[in-house]
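Chain and residue survey
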Amino acid sequence: RDGKLAIEEMTGGTFTISNGGVFGSLLSTPILNPPQTAILGMHKIQERPMAVDGEVVVLPMMYLALSYDHRMIDGKEAVQ
């Protein structure tokens with residue numbers, strides 16, 4: 001209720017979502033914190049030129065980065 005988490009409340013998870021975008025990060029490689037099996041890094045949303053139906057359009061884009069423990073998750077399934 002006071003907007004704070006204790007260490008005990010953050011342990012035992014299996015998946016983490018990290019938002020470096022709030023600090024302006026455009027791209028990074030998230031590092032696993034065992035015993036977690038995966039971490040998804042979300043980055044800054046920034047307008048970029050993109051091709052849509054043969055036209056160049058400026059759209060918001062965000063890079064995502066997924067790191068995972070290959071002992072637990074096969075690479076083929078992770079990227080699909």
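Read on for an overview of the structure. (Residues numbered from 1 in each chain as written. Predicted model: local features only at pLDDT ≥ 70, side-chain atom pairs only at ≥ 80, totals over all residues. Heavy atoms only, no water.)

For the chain, the count of helices and strands is 2 helices and 5 strands. Each helix and strand of the chain, placed in order from N terminus to C terminus, yields the pattern α-β-β-β-β-β-α. On C-alpha atoms alone, the chain measures out to a radius of gyration of 16 Å, which is more than a quarter above the 12 Å that the 2.2 N^0.38 rule sets for 80 residues. Taken over the C-alpha atoms alone, the chain extends approximately 50 × 40 × 20 Å along its principal axes. For the chain, the residues scored as buried account for 18% of the 80 residues in total. Considering only residue pairs separated by 6 or more positions, the chain has 32% of its internal contacts joining residues 24 or more positions apart. Summed over its atoms, the accessible surface of the chain is roughly 6,500 Å², and 58% of this surface lies on carbon and sulfur atoms. On the chain, the mean spot of the 6 positive side-chain charges and the mean spot of the 9 negative ones are 6 Å from each other. (Helix = DSSP H or I, 4+ residues; strand = E, 2+ residues; numbered from the N terminus. Rg over C-alpha atoms; globule rule 2.2 N^0.38 Å. Buried < 20%, exposed > 50% of the residue type's maximum accessible area, 1.4 Å probe, protein only. Contact = heavy atoms within 4.5 Å. Areas by Shrake-Rupley, 256 points an atom, 1.4 Å probe, with all protein chains shown as cover. Lys, Arg positive; Asp, Glu negative; His and termini not counted. Charge placed at Lys NZ, Arg CZ, Asp CG, Glu CD.)

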